[in-house]
Amino acid sequence: MSYTLAEKILKTHSNVDEISPGQFVEADIDLIMVHEQLGGRIHLEYKKLGLDTVWDPNKIFFILDHWVPAPTISAAQMHQDCRKFAEEYGFIHNMGMDKGICHQVLPEMGFARPGMLIVGSDSHTTTYGAFNCLSTGIGATDVSVVFATGKLWFKVPESIKINLHGHFEKGTMAKDFILSLIGDISTKGAIYKSLEFHGDGAKNLTIDSRMTITNMVVEAGAKFGIFLPDDRLKEWLAKRTSKQYRNVVPDETAEYQRELTYNLSEITPTVAKPSNPGNIAKIEEVEGIEIDQAFLGSCTNGRMEDLRIAAKILEGNKIHPKVRMIVTPASREIYLQALKEGLLEIFLRANAIVTNSTCGACIGGHLGVLGPNEVCISSTNRNFKGRMGDPTSEVYLASPATVAASAINGSIKDPRGLL
Amino acid sequence: MDLIKGYAYILGDDISTDDIVPSHTLTMRDSDDMVKHTLEFIDPYFSKNVDKGNIIIAGENFGTGSSREEAVHVFKFLGIKAVVARSFARIYFRNLMNNGIPAISLKWDLNQFAKEDVIKISLLKGIIINKSKNITLNFEKIPDFLMDILENDGVINQLKKKL
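These numbers come from a predicted model, not from an experiment. (Residues numbered from 1 in each chain as written. Chains lettered and ligands numbered in written order. Predicted model: local features only at pLDDT ≥ 70, side-chain atom pairs only at ≥ 80, totals over all residues. Heavy atoms only, no water.)

1. Description of the overall build of chain B
Move 1: Each helix and strand counted, chain B has six helices and seven strands in total.
Move 2: For chain B, the N- to C-terminal ordering of α and β elements is β-α-α-β-α-β-α-β-β-β-β-α-α.
Move 3: Relative to the globule expectation of 15 Å for 163 residues, the C-alpha radius of gyration of chain B, 15 Å, shows essentially globular dimensions.
Move 4: Reported as C-alpha extents along the three principal axes, the dimensions of chain B are approximately 45 × 40 × 25 Å.
Move 5: Partitioning the contacts of chain B with sequence separation of at least 6, the portion at a separation of at least 24 is 63%. (Helix = DSSP H or I, 4+ residues; strand = E, 2+ residues; numbered from the N terminus. Rg over C-alpha atoms; globule rule 2.2 N^0.38 Å. Contact = heavy atoms within 4.5 Å.)

2. Observations concerning helix H4 (residues 90–98) of chain B
All names here are of chain B.
Move 1: In terms of burial, H4 is largely enclosed, as nine of its nine residues are buried.
Move 2: Residues of H4 that are buried: Arg90, Ile91, Tyr92, Phe93, Arg94, Asn95, Leu96, Met97 and Asn98.
Move 3: Two residues or fewer past H4, glycine 100 is found with a positive phi of approximately 80°. (Buried < 20%, exposed > 50% of the residue type's maximum accessible area, 1.4 Å probe, protein only.)

3. Looking at the packing of aromatic side chains
Residues and elements named next belong to chain A.
Move 1: If you walk through the whole model with that rule in mind, you get 23 aromatic pairs over all chains.
Move 2: Ring centres 5.5 Å apart and planes at 80° place the aromatic pair tyrosine 46 and tyrosine 89 in the edge-to-face group. With tyrosine 46 in helix H2 (residues 42–48) and tyrosine 89 in the loop between helix H3 (73–88) and strand S4 (93–94), this pair connects stretches of sequence that are 43 residues apart. Here tyrosine 46 matches tyrosine 89 in class, with each residue buried.
Move 3: An aromatic cluster of at least three residues, connected via ring pairs, comprises Tyr46, Phe62, Phe85, Tyr89, Phe91 and Phe147. (Phe/Tyr/Trp six-rings, centres within 6.5 Å; stacked < 30°, edge-to-face > 60°.)

4. A short note on the pattern of salt bridges
Move 1: As enumerated under the stated definition, the model contains 26 salt bridges over all chains in all.
Move 2: The salt bridge involving glutamate 345 of chain A is made with arginine 349 of chain A; its shortest N-O contact spans 2.8 Å. With a gap of four residues between them, glutamate 345 of chain A and arginine 349 of chain A both fall in helix H14 (residues 343–349), about one helical turn apart.
Move 3: For the salt bridge of aspartate 33 of chain B with lysine 36 of chain B, the shortest nitrogen-to-oxygen distance reads 3.8 Å. (Salt bridge = Lys/Arg side-chain N within 4 Å of Asp/Glu carboxyl O.)

5. Observations regarding the domain arrangement of chain A
Residues and elements named next belong to chain A.
Move 1: Here chain A is described as being made up of domain 1 (5–16 + 24–243 + 257–264) and domain 2 (271–414).
Move 2: Between domain 1 and domain 2, the C-alpha centre-to-centre distance is 23 Å.
Move 3: Taken together, the contact between domain 1 and domain 2 spans 35 residues of the former and 39 residues of the latter.
Move 4: When domain 1 packs against domain 2, close to 2900 Å² is buried across both sides, 55% of that on carbon and sulfur atoms. (Domains from an automatic or database assignment. Buried area = accessible area lost by both parts, 1.4 Å probe.)

6. A few points about the packing of helix H5 (residues 140–149) of chain A against helix H6 (residues 155–162) of chain B
Move 1: In contact at an axis separation of 10 Å, H5 of chain A and H6 of chain B are set at 15° when each is read in the N-to-C sense. With respect to each other, H5 of chain A and H6 of chain B are oriented roughly parallel. Two packed elements cross with a definite hand, and for H5 of chain A against H6 of chain B that hand is left-handed. Residue-level inspection shows Thr141, Ser144, Val145, Ala148 and Thr149 of chain A of H5 of chain A in contact with H6 of chain B, the latter providing Val155, Ile156 and Leu159 of chain B.
Move 2: Per-class residue counts for the contact of H5 of chain A with H6 of chain B are five nonpolar, three polar and no charged. (Axes fitted to C-alpha atoms, helices over the stretch in contact; angles between N-to-C directions. Parallel < 35°, antiparallel > 145°, perpendicular 65-115°, else oblique. Left-handed = near helix turned anticlockwise from the far one by under 90°. Nonpolar A, V, L, I, M, F, W, Y, C, P; charged D, E, K, R; others polar.)

7. Description of the side chain of threonine 241 of chain A
All names here are of chain A.
Move 1: Tracing the backbone through its elements, the reader meets threonine 241 in the loop between helix H9 (231–240) and strand S11 (258–263).
Move 2: Its relative accessible area of 16% is what places threonine 241 among the buried residues.
Move 3: Separated by 2.9 Å, the side chain of threonine 241 and the backbone nitrogen of lysine 243 make a polar contact.
Move 4: With near-sequence residues (within four places) excluded, threonine 241 lies in contact with Gly110 and Arg113. (Polar contact = N/O pair within 3.5 Å; in protein donor to acceptor, adjacent residues only side chain to side chain.)

8. Topic: the packing of helix H3 (residues 70–78) of chain B against H4 of chain B
Residue and element names in this part refer to chain B.
Move 1: The contact between H3 and H4 brings their axes to 9 Å, and the two run at 35°. Crossing of H3 against H4: the hand is right-handed. Taking contact as the criterion, the partners of Ala71, Val72 and Phe75 in H3 are, on H4, Tyr92, Asn95 and Leu96.
Move 2: The residue inventory of the contact of H3 with H4, partitioned by class, reads five nonpolar, one polar and no charged.

9. A closer look at the layout of surface pockets
Move 1: Volume-wise, the largest pocket comes out at about 680 Å³.
Move 2: Forming the walls of the largest pocket are 27 residues, and the residues nearest its centre are Lys155 and Tyr192 of chain A together with Phe93, Ser105 and Glu140 of chain B.
Move 3: Breaking the lining of the largest pocket down by element, the ones donating at least two residues are strand S7 (151–155) of chain A together with H4 and strand S4 (103–105) of chain B.
Move 4: By residue number, the principal contributor to the lining of the largest pocket is S4 of chain B, which donates three residues.
Move 5: A class-by-class count of the residues in the lining of the largest pocket yields 17 nonpolar, three polar and seven charged. (1 Å grid on protein atoms, 1.4 Å probe; cavity = no way out; pocket = protein on both sides within 12 Å on 5 of 7 lines; lining within 4 Å. Points joined across faces, edges and corners; volume = space filled by probe spheres on them.)

10. Focus on the sheet that holds strand S1 (residues 3–10) of chain B
All names here are of chain B.
Move 1: Reading across the sheet, the seven strands line up as S4-S3-S2-S1-S5-S6-S7 and stay open at both edges, with mixed pairing between neighbours. Edge strands, defined here as strands with exactly one partner in the open sheet, are S4 and strand S7 (135–138). Put simply, the sheet's adjacent strands are angled 30° from each other on average, direction ignored.
Move 2: Relative to strand S3 (residues 82–85), strand S2 (residues 55–58) is paired through four bridges, and the arrangement is parallel. Its bridge partner being in S3, alanine 58 is matched across the sheet by alanine 85. (Pairing = 2+ DSSP bridges.)

11. Things to note about empty space enclosed by the protein
If you roll a probe as big as a water molecule over the atoms, it shows you where there is empty space left.
Move 1: The tally for this structure, following the rule as stated, stands at two cavities of 30 Å³ or more.
Move 2: Estimated volume of the largest cavity: approximately 300 Å³.
Move 3: Elements with a contribution of two residues or more to the lining of the largest cavity: helix H4 (102–108) and helix H11 (298–301) of chain A.
Move 4: Taken together, the residues of the lining of the largest cavity sort by class into nine nonpolar, 12 polar and seven charged.
Move 5: Two domains each put at least three residues into the lining of the largest cavity: domain 1 (5–16 + 24–243 + 257–264) and domain 2 (271–414) of chain A.
Move 6: Every residue lining the second largest cavity is listed: Val218 and Gly221 of chain A together with Asn61, Thr64, Gly65, Ala89, Arg90 and Ile91 of chain B.
Move 7: Tallied by class, residues from the lining of the second largest cavity come to three nonpolar, four polar and one charged.

12. Here's the deal with the side chain of glutamine 37 of chain A
Move 1: Its place among the elements puts glutamine 37 of chain A in the loop between strand S2 (31–34) and H2.
Move 2: Look past the residues within four positions of glutamine 37 of chain A in its chain and what remains in contact with it is Ile42, Ser121 and Ala140 of chain A together with Arg68, Glu69 and Glu70 of chain B.

Structure follows, in structure tokens:
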């Protein structure tokens, strides 16, 4: 038998001799990530089981990131519930609220490694696929099942092979590619599928870019998005972990449900118009649309390459007087690195507001909530009605370069001429 | 769990968990408060009129987006009996089943269901009957291990028995 990456990793985690798409398997979980959902539904569901232990407190990664620091009393109470549970059940990897957004901090700390099977109480848990592991989001009851047993059932997915070639042109980024892909296959195009990224183009991508792509595969419905291992990944991991890992590559004769090929040099700046990530347009169709807010940050695009390109565009310029720009680095590590490189000073001198690391604005939680009829260009991953604030507000999803160019211009702007 | 009876409530494609439970309600500590906001941006009267529409009939990619299980919990709280959709987002599908609400995949047409139609479902036979329109449609039967979760009114109850 020959296997895709998803089939190989599910097989090594299940007690089965053979594996094929459509089959249900019970798999052993290597790591589970939980955030504020712990104090939302999870603690309520888990308490129903009447257990006074969890299966393995060493395999739980717990972090507060959505509402940090707490903007309301109810959020503070949610944090109290989270902490209480983490203490009661002896969580070992309790990250608190000072480190940043889960999907950035977990890999930064070397917890995502090739061959692992990771689940998390957040739909963007697919991000860790950038590290050659299988990872996906689950709900509160499934988290409770994992806390109790360390196992979870999976339907073995069909895989879609995506061949990438070449490099991005100046001003075009991984965000433009993933938005283009979602536009091409639609928001339901990959439901229950695993997306596998192959080719020289995939190797050319930075780890930051790979994370942007695997982060948003869920917007096409995908269960997993996964990259093959290479030297770039090896170097990245060498800085982050001393733990052993085994690279996983798919068999050459593995079967794919479909194959798609992209030349990255042909990708151009792309946005998702309100109010669905599948409502894709080329930059030319939306240029000139006036904005009230420009947001740079999130688990999709709050990393160093995102901040660097935005700073390059903003340096020596001012944000348009009618626009407010909010910059939220994805983690404290990134915040510190941006400080060191002078990027935060560039943002501040351009009149942007720099916040602590949090999911805040992306979920309309705090630090950048939109009012009625306001328009925001955002480097985040979802633009559903009311996602970032009032239900009449509108969100255009775009790359960090497009966000920065638009912030200066006061309306949506192609960044390519500015670099 | 086999027979389900209720009234249809129609929703379109790409209904997200943000639509079902808007983010601003997520830190609410009382379910009574949260359920009032169910689907508020689409239909502010949804939670009040739920008795007239307790079987959701939806389009493609139902439950897309965030993994927030509150988006199923509010349905459970309001007494939603089943969700029929052309397709489901995978996390939402699991969350429904895990809470004992059947998730039924069915490729249906706009002329087959309307708001408040009288619906009867047999999970074991894999049929859905629209009594108001006198139509019977077949759906792929739910696998046995998922039926067992439904029989137990959710995965937590099922697991409790095994522990």
